[in-house]
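# Architecture and fold: a report
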Amino acid sequence: MNSSGSGNPMVGSVLVVGGGIAGMQSALDLAEMGYYVYLVEKEPSIGGVMAQLDKTFPTNDCAM
Amino acid sequence: MSEVEEVSGQPGDFRVKVRRKARYIDLEKCTGCGECARVCPVSLKNDYDMGLSERRAAYRRYAQAVPGAFAIEKRGTSPCKATCPAHISVQGYVALAAQGRWREALELIKKDNPLPAICGRVCHHPCESACMRGKVDEPVAIDFIKRYIADLDLKAETRFVPEIKQKRDEKIAVIGSGPAGLTCAYYLAVEGYRVTVFEKLPVLGGMLTVGIPSYRLPRDIIEAEIQVIRDLGVEFKTGVEIGKDFTIGQLREQGYKAFFIGIGAHECKKLGIEGEDLQGVYPGVQYLREVNLGNRIFLGDRVAVVGGGNVAMDCVRTALRTGSKKPFIVYRRSLAEMPANEEEIEECREEGIEILTLTNPVRVIGENGRVKAIECVKMELGEPDASGRRRPVAVKGSNFVIEVDAVIAAIGQETDWACLTPECACSLSDWRTLKVDPVTLQSDDPDIFAGGDAVTGPATVIEAIAAGKEAAVSIHRYVRGEDLRRGREKRWEAVQNVPTEGYDRIPRERMPRLRPEERLGNFNEVQLGFTEEQVRREAQRCLDCGVCSECYRCVEACLAGAVVHDDADQVQELHVGAVILAPGFQPFDPSVYDTYGYMRLANVMTAMEFERLLSASGPTMGHVVRPSDHKEPKKIAWLQCVGSRDIHHCDHAYCSAVCCMYAIKEAVIAKEHAGRDLETTIFFMDMRTHGKDFENYYNRAQEEHGVRFIRSRVHSLEEVPGSGGDVEVHYVTEDGQVVSEVFDMVILSVGLQTPDEAKKLAERLQVKLNDDFFADHSSFDPVASSRPGVFVCGAFQGPKDIPQSVMEASAAAAAAGSLLGAARGTLVKEKEIPAQRNVYGEPPRIGVFVCHCGINISGVVDVRAVAEYAKTLPYVEYVTDNLYTCSQDTQEVMKKVIREHNLNRIVVAACTPRTHEPLFQETMADAGLNKYLFEMANIRNQDSWVHGMDPAMATEKAKDLVRMTVAKVALLEPLPEPELSVIRRALVVGGGVSGMTAALSLAAQGYPVDLVESGPELGGQALKLNSTWRGEDIQGYVKELSRRVSEHPQIRVHLNARLTQVEGFVGNFKSVIQNGGDPITVEHGIAVIATGGREYKPDEYLYGQDPRVLTHLELDEKLRADDPAIRQARSVVFIQCVGSREPQRPYCSRVCCTHTIHSALEIKRRNPDADVYVLYRDIRTYGERERIYQEARRAGVLFIRYSLEDKPVVAATDGALTVTVTDHILRRPVRLPADVVTLATAILPNADEALAQLFKVPLNEESFFVEAHAKLRPVDFATDGVFLCGLAHYPKPLDESIAQAQAAAARAATILARDRIRFPGTVARTNPFLCSACGTCVAICPYSAPRFNERGVAEINPALCKGCGLCVASCRSGAIQLQGFDDAQIFSMIDSL
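The following refers to the structure shown. (Residues numbered from 1 in each chain as written. Chains lettered and ligands numbered in written order. Predicted model: local features only at pLDDT ≥ 70, side-chain atom pairs only at ≥ 80, totals over all residues. Heavy atoms only, no water.)

### Topic: the overall build of chain A
- Each helix and strand in chain A was counted, giving one helix and four strands.
- The order of helices and strands in chain A, counted from the N terminus, is β-α-β-β-β.
- Put simply, chain A has 64 residues, and 59% of those count as buried.
- Taking all contacts inside chain A whose residues are at least 6 apart in sequence as the whole, residues at least 24 apart take part in 21%. (Helix = DSSP H or I, 4+ residues; strand = E, 2+ residues; numbered from the N terminus. Buried < 20%, exposed > 50% of the residue type's maximum accessible area, 1.4 Å probe, protein only. Contact = heavy atoms within 4.5 Å.)

### So, the sheet that holds strand 48 (residues 1109–1111) of chain B
Residue and element names in this part refer to chain B.
- On the basis of which strands lie adjacent, the open sheet formed by five strands has the order 48-55-49-50-51 and parallel pairing. Edge strands, defined here as strands with exactly one partner in the open sheet, are strand 48 and strand 51 (1198–1201). The mean angle between the axes of side-by-side strands here comes to 25°, regardless of whether they run parallel or antiparallel.
- Note: strand 49 (residues 1131–1138) against strand 50 (residues 1171–1176), five bridges, orientation parallel. From the neighbouring strand, V1133 faces strand 50, where its bridge partner is Y1173.
- Against the sheet, helix 33 (residues 1112–1120) makes contact with strand 48, strand 49 and strand 55 (1236–1241), and its axis sits at roughly 100° relative to strand 48, the strand it touches most. (Pairing = 2+ DSSP bridges. Axes fitted to C-alpha atoms, helices over the stretch in contact; angles between N-to-C directions.)

### What about unusual backbone geometry?
Residues and elements named next belong to chain B.
- With an omega of -5°, the peptide bond between V66 and P67 qualifies as cis.
- Take P67: it is sitting in the loop between strand 5 (58–59) and strand 6 (71–72).
- Positive phi values are uncommon outside glycine, yet H125 reaches one of about 35°.
- Looking at where H125 falls in the secondary structure, it is placed in the loop between helix 5 (116–122) and helix 6 (126–130).
- The phi torsion at D1214 lies on the positive side, around 50°, for a residue other than glycine.
- Structurally, the position occupied by D1214 is in the loop between strand 52 (1209–1213) and strand 53 (1216–1222).
- Using a relative accessible area of 84% as the deciding quantity, one classes D1214 as exposed.

### What to know about the pattern of salt bridges
All names here are of chain B.
- Applying the stated criterion across every chain, the model contains 121 salt bridges over all chains.
- E35 is the salt-bridge partner of R38, the closest N and O atoms lying 2.9 Å from each other. Linking R38 with E35, this pair stays in helix 1 (residues 35–39), spanning three residues, or about one helical turn.
- Between R541 and E538 there is a salt bridge, and its shortest N-O distance comes to 2.7 Å.
- You can call R541 buried: its relative accessible area is 1%. (Salt bridge = Lys/Arg side-chain N within 4 Å of Asp/Glu carboxyl O.)

### Here's the deal with the packing of helix 22 (residues 659–674) of chain B against helix 23 (residues 694–703) of chain B
Residues and elements named next belong to chain B.
- Contact pair helix 22 / helix 23: the axes reach a minimum separation of 10 Å and the direction vectors enclose 40°. Here helix 23 runs oblique to helix 22, going by the angle between their axes. Helix-helix and strand crossings are classified by hand; for helix 22 and helix 23 the assignment is left-handed. Where helix 22 approaches helix 23, its residues M661, I664, K665 and V668 are matched on the opposing element by F694, Y697, Y698 and A701.
- Here the contact of helix 22 with helix 23 is composed, by residue class, of seven nonpolar, no polar and one charged. (Parallel < 35°, antiparallel > 145°, perpendicular 65-115°, else oblique. Left-handed = near helix turned anticlockwise from the far one by under 90°. Nonpolar A, V, L, I, M, F, W, Y, C, P; charged D, E, K, R; others polar.)

### What to know about the interface of chain B and chain A
- Contacts between the two partners involve 87 residues from chain B, matched on the other side by 50 residues from chain A.
- Carbon and sulfur atoms make up 62% of the area that chain B and chain A hide from each other, which totals about 5800 Å².
- The largest contributions to the chain B side of the interface with chain A come from R61, I580 and L827 of chain B, which together make up 9% of the buried area.
- One can count four salt bridges joining chain B with chain A.
- E43 of chain A is the salt-bridge partner of R61 of chain B, the closest N and O atoms lying 3.7 Å from each other.
- Scanning the region where chain B abuts chain A turns up 23 residue pairs in polar contact (both at pLDDT 80 or more). (Buried area = accessible area lost by both parts, 1.4 Å probe. Polar contact = N/O pair within 3.5 Å; in protein donor to acceptor, adjacent residues only side chain to side chain.)

### With respect to the packing of helix 14 (residues 310–321) of chain B against helix 15 (residues 342–350) of chain B
All names here are of chain B.
- Viewed as axis vectors pointing N to C, helix 14 and helix 15 meet at an angle of 25°, and their least axial separation amounts to 10 Å. Considered as vectors, helix 14 and helix 15 are oriented roughly parallel to each other. Taken as a pair, helix 14 and helix 15 cross one another with a handedness that is left-handed. Residues N310, M313, D314, V316 and R317 of helix 14 form the contact with helix 15, whose own contacting residues are E344, I345, E347 and C348.
- Looking at the contact of helix 14 with helix 15 residue by residue, the class counts come to four nonpolar, one polar and four charged.

### What to know about the sheet that holds strand 41 (residues 1009–1012) of chain B
Residue and element names in this part refer to chain B.
- The parallel open sheet is built from five strands, whose spatial order is 42-41-40-46-57. Two strands bound the open sheet, and with one partner strand each, they are strand 42 (1051–1054) and strand 57 (1282–1284). Taking the axes of each pair of neighbouring strands and ignoring which way they run, one obtains an average angle of 20° across the sheet.

Just distances and angles here, no functional claims.
Laid out in structure tokens, this is it:
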């Protein structure tokens, strides 16, 4: 897993493609883990499909 | 608004090209106020609402969107604008006209064309030829719309005269008052120059006046448009001939700084035939000029007009009006090649004018020096010439003679260049036009510019206008010494790919005209103009080709100056170590199914559409009505598996894994919205509620909410005639009966699929997709794509729900972190928080923000009244109300307000602090305030949501809540947040695949791990499994994983060990591991619980009594050993849901269906003749596992459904094992002989109450650990620093366990990555002077936070305190206060009530 021994320097940043719930979670975790994150989203705002949902089961929380 | 174009390089070191698409609104400047959208005239389907509502071209996806800035959607330049020589924003004024915004439309036109009333009559409108509506039916009548807009202004009391930008002293001379000169004068005047127009003729307007007859262009219209130019301060001098009365040299001496020559082409070209000099032969424009100047010339009855352009048409129609009985046209090409406007040709015909086409004059025959006849020759069309038109060729011997009284030659014009006296350095072309730079229109003489017919030869009005406008730009730059060319060589390209499908045919409006008989003998205007209704109808035919119409209203409306219409895409290169792909899914489009009539039946909609219908922010604001007649439905049906588990219509073999649950949810929520009497029915094949707590929800939906579930196959839907849209569902029940039932609405539970964009992305990035177009991956490395260093998660990896997506997302973060561990922290900076303002000693200055929450609050509570009320409360300095106080732009406003009004306490009256307090506290910190000087009044959950029936009372209650909160906030004090260092080591409990994966991931990220396993070896349950459902070898994998864990220098493995003691808190745990020898004490910052689960050993179905009855794992063992009992079995029966989905254990064990089918296939592989039966309740091969279910059916595995009420019976008689089950189709008991019976038994957690106690984490009723949030925090515990994965969370297959373990590692790493950790300030504090050291608090605290200090009084460790308040309530001395909730603060709230 750790290939830092292969000679090429590791870059401490990560590109996340997609700003839906998965992309946002990845980006937040990586940022808190100490990496610079670029989040690329095709729409003008993040949120993805989940932002279109009304409520989510089983707790019926507002998806927003 | 970006997309990845290319990724090159290698893991750890990638170069990425990202295209950031133009947003047309500056993110930094936009305040999200929405004014741009308010003024935007373009409506389009709102895809956020699944097309159920409309939005503007300037838009924000939804109110709480992040970022909160708007964007403008553009497809490109509309063809009308691109084609128009003056590039008027045609789509813009058409869009404004459609809404009756006439003045705005006129102002927009006048940005590019100062003569719209003229153009609206005589323009040859190339815009209409380019109009895409023409592809649907007929082009939009753009020119007539423009005419209406302009005429309205001419008739208005106050006409539109643009504001002069800045008065300037420089004088400019414009020579010629035709359209080019007038336009140039207009725009120079707007810039502030002193402009004089010199006109040779006694009248103004050039060809407009003397070339075009007044029945086409009335003189008062020309005069009216010139008047506006006069109003701008332009001086007009008629009857002045430059070159004769004055020379350009003299004007230079008089101080004119620049010249525009727009003198047109008023000299006629000659026919070049014999007899041209005879009396009665007139040059066309000269004839028109004479008539237009008021000289009535009668030419005789028979007049031959030679030519096919507009001048010819004007001549022939003028002749008719001046008394000629039979004027006619002679034109050498055919009608199709005629350059004149179509409508002029048409009007000619109406007026009875004959057009002789393919006819060319060869000689004018005279008598006594006067015209008598014209000799013509017939022509035919040959090869195309330079103009692209077919060249006419004379037909030999076809000559004929027509007797005429006059001949008018209208075959072209040229310019008289007498104005260019020798001091001018400009030169002429071979065609006797002035040579100018094509972009700047500057001649060889730097101060002389020119345009119009004088430059182009005879051309059109709009081209002259365009030239006049460009020349004005050049002159303005020239006078100021600027670069004339910069930014002007723009290539206008019309947008491609404008959809023209799906529009109804709407004919173009017809222009009302004077009747032909009314036209004779007068010059009255023929075209009468559209009515307002016609204009609006016509404007609404526009297809909005460019989407944004470029009407620029947003530019004017945006007070922040954020709109940037000339924004452009930018390609950026990024340098990254890893890539994570989460491009998501799109809902399946059911229009391919004829069965469901999705497009045909109004009340059939997709579940995503219904989701929007349920949403408070949706098209009906949460009011459930059906589309056909907006009636509230009484019966709604859901149809499952639309676009899933179907290879016939859509090639989606997989199960989408989420639809069963969302359908149930929608059914339950719909009943909440529409009332309990709403009947909800779900038509399904197998109910797949395999997630944690899903089965419970399913049961409650049936039992408590009365949702009806019908196991069936739907074969068609049709509308009930005359019902207003009711839908009849025809379906076949399990036992083959055909049944029909009528519903008000039908919802299609559409599946998930990978969008085309994501497929293309995968192709660009060389990431392999599988047959279902999901990212190809291994079960053992579920978030690794086929390309090293590129990770995948979410629905792009496979169809899945939110918790699973969130887990995988964290897992992908862990995988990237494992790769890049060495570079961690090299590119990040701590967020800088401004220093806190010291507010001690200041009187409270309270700001109150009252939220509408869209309509959530304001739909019930009178928010404005609450805000007004708040202003009257003590210490309140500032009050406002917001549509969404939580939106990003409001945060910016809040920061500004706090600073400007010097506020030191903030109240937000909105929703719940549980979700929104952190957001507002961050805003306060950014504004330099201590974040504890904040309170929320929950006027939504505690008010508008519960008092919907009584708005007046709810408003009063909101005031009460605000008053109480204001009273409390006034007493709040700033609280410090203690900081402690983090021990950067991990403890993992459980040495199965989950525990090992978590440990390895953390170790790879650089954190030492202690791994505690209760058994003698690593591996857990996986040691008993053979292969994954995809066929990957588990045994080999586990051995390799165990080896890597054992050998990893950063991992210390403790076997046969357990935890006996845990103390401390996040970042600072100290635990004791007991493994038989001396206890080992370890310090660690986080802990991961991966204690796993085990197989349930049943006491039914003869298990334990007959050796032929096995569990899954026992069968696996026999398969591993290639036991002859299995190899030779002729009949094998699997019984599903043994111990699962039963009253005593209601959950679904998630893996058993797949496990059974995988084993059944293995048995079939080894012995194809064996009969294999699966007795099931619902087959739950969710996601791509569905493939092996289909494979098993093809392989001849027999599936028989049973119900919980009628379970199979296993009996052993005379040594023979039989299973009796009631067949679901035959409805009769069937006896199956069985050599082997395999029980798909439940998965039980290794319930560890003691461990739960040690870490103070909860277990649910079934003894699975309870995560912090089922959807959004699936691997966290509510207790900070403790994480969860694997079977201890819920039954799950190996790949999901691995992903969850990686996720736990990622979440843990977010703590271990920090040096220090901050604790909240809202903790309990003891007053040592009041403490009587009774010890009650020490005993009662569930978190062991209080203890006695060296002085013998209780002291509370702020890092352990959760602020629950138990100690406060139990302290007999009143020595403990909970900070932020002290007695005085609470009493102030009560007192103010």
